[in-house]
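Architecture and fold: a report
So you can see what is in the structure, the chains are spelled out below.
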Amino acid sequence: MRIARIAHPEGMCFAVLEGGQPDGDGATCREISGHPFGDPDFTGRSWPVSDVRLLSPILPSKVVAVGRNYADHVEEVFKKGAEHLPPTIFLKPPTAVIGPEAPIRIPEWATRVEFEGELAIVIGKPCKDVKRQNWKDVVLGFTIVNDVSSRDLQFADGQWARAKGLDSFCPLGPWIETAVDSLDIDNLPIKAHLTHDGDTETKQDSNSDQMIKDIPEIVEWVSSAFTLLPGDVICTGSPAGTAEMVPGDRIAIEIPGLGTLANPVTGY
């Protein structure tokens, strides 16, 4: 089931996308009454997806991100092997979250801003100290995240909160796929396509099978540190291929079964 949060002609709501193409084209959005956790209670109202705007599919209380979870990306950014820089955890504030097609806004003092296309976990119930074998019990589904990062700020500050937590630096979407078993989470292609001056180039072309910590390990690890609430998002780490974005660019992140998360890049 594909759960989206939409702006429709009469307001906003959660909705289930039904039918259409894998990328959502031609789908119908059936309105859900209330929240998206548990069995959906349909109101009877619906709209073609072409008549609504897809928003961030969830508004998390926190975004917990796993850094350095792909060895090739560790080497790419930090110039050291992953054996010397193991995976780490950091937080992005909820004010960084935006939805599909919302602009990533780069302040002029945030230099060398890069995209990081990633698979994201959405939590479905309050939980703490989840054992890895029980990870499916607490997960609502998966979506796509762009862990936007200002590299100069990241290395100048010595910690990552400002570099990765600026407003608009956490695009999410386009929807949450709740049919967890329909996705081969250990073998999901992850691609990012950057359009610059009218030319589109595939920058990231990797696979979730390259993760150092896999999904069950990540849920266990993160929940040992934080109580997770419904709607919280866990970013699972970026593979190599990240590159600089500048105002006027467009970045599109593609994961089969989860659609494409695309955003324009602007300045302030």
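Residues numbered from 1 in each chain as written. Predicted model: local features only at pLDDT ≥ 70, side-chain atom pairs only at ≥ 80, totals over all residues. Heavy atoms only, no water.

So, on to the overall build of the protein. Helix and strand content of the protein: four helices and 19 strands. Its C-alpha atoms put the protein at 55 × 45 × 30 Å along the principal axes. Burial statistics for the protein: of 268 residues in total, 54% are counted as buried. For the protein, long-range pairs separated by at least 24 residues make up 70% of all intrachain contacts whose partners lie at least 6 apart in sequence. Looking at the protein as shown, the accessible area adds up to about 11,200 Å², and 49% of this sits on carbon and sulfur atoms. (Helix = DSSP H or I, 4+ residues; strand = E, 2+ residues; numbered from the N terminus. Buried < 20%, exposed > 50% of the residue type's maximum accessible area, 1.4 Å probe, protein only. Contact = heavy atoms within 4.5 Å. Areas by Shrake-Rupley, 256 points an atom, 1.4 Å probe, with all protein chains shown as cover.)

A few words now on the pairing of strand S2 (residues 11–18). By the bridge criterion, seven bridges tie strand S1 (residues 2–8) to S2 in an arrangement that is antiparallel. Bridge assignment links Arg-2 to a residue of S2, and that residue is Leu-17. Between S1 and the antiparallel strand that follows it, S2, lie two residues. Two strands pair when backbone bridges link them, and S2 and strand S3 (residues 28–32) are joined in this way by five bridges, in the antiparallel orientation. Bridge pairing in S3 links Val-16 to Arg-30. (Pairing = 2+ DSSP bridges.)

A separate point is the nonpolar core. Core analysis: the largest hydrophobic core is formed by 46 residues, its most contacted members being Ile-121, Phe-142, Ile-215 and Met-245. Only strand S6 (63–67), strand S9 (104–106), strand S11 (117–123), strand S12 (139–146), strand S15 (189–196), helix H4 (215–225), strand S18 (250–255) and strand S19 (259–267) provide two or more residues apiece to this core. Tallying contributions element by element places H4 first for this core, with four residues. Among the nonpolar cores identified, the runner-up in size contains 24 residues, and Ile-32, Leu-85, Val-122 and Leu-140 belong to it. (Core = buried A, V, L, I, M, F, W, Y, C linked by side-chain atoms within 4.5 Å.)

Our focus in this paragraph is the packing of aromatic side chains. Going through the model one piece at a time under the given rule, you end up with two aromatic pairs. Taking the centre distance of 5.1 Å and the plane angle of 70° together, the rings of Phe-90 and Trp-160 count as edge-to-face. Here the residue Phe-90 occupies a position in strand S7 (residues 88–92), and Trp-160 occupies one in the loop between helix H2 (151–157) and helix H3 (161–165), the gap between them amounting to 70 residues. Each member of the pair Phe-90 and Trp-160 is classed as buried. Just above the ring of Trp-175 sits the side chain of Arg-2; from NZ or CZ to the centre is 5.3 Å. Seen from the ring of Phe-42, Arg-30 lies directly overhead, with NZ or CZ sitting 3.7 Å from the centre. (Phe/Tyr/Trp six-rings, centres within 6.5 Å; stacked < 30°, edge-to-face > 60°. Lys NZ or Arg CZ within 6 Å of the ring centre and 35° of its normal.)

Our next topic: the environment of Ala-110. Along the chain, the position of Ala-110 falls in the loop between S9 and strand S10 (113–114). On the basis of relative accessibility, which here comes to 5%, the residue Ala-110 falls in the buried class. For the pair Ala-110 and Asn-69, spaced 41 residues apart in sequence, the C-alpha to C-alpha distance is 24 Å.

This part is about the UniProt feature "domain: Rv2993c-like N-terminal" (unreviewed entry) in the protein. Using the residue numbers shown here, the UniProt feature "domain: Rv2993c-like N-terminal" (unreviewed entry) corresponds to residues 1–57. Between the end C-alpha atoms of residues 1–57 there is a gap of 13 Å, over a span that is 0% helix and 51% strand. (UniProt positions renumbered as here; feature names shortened; annotations may be inferred.)

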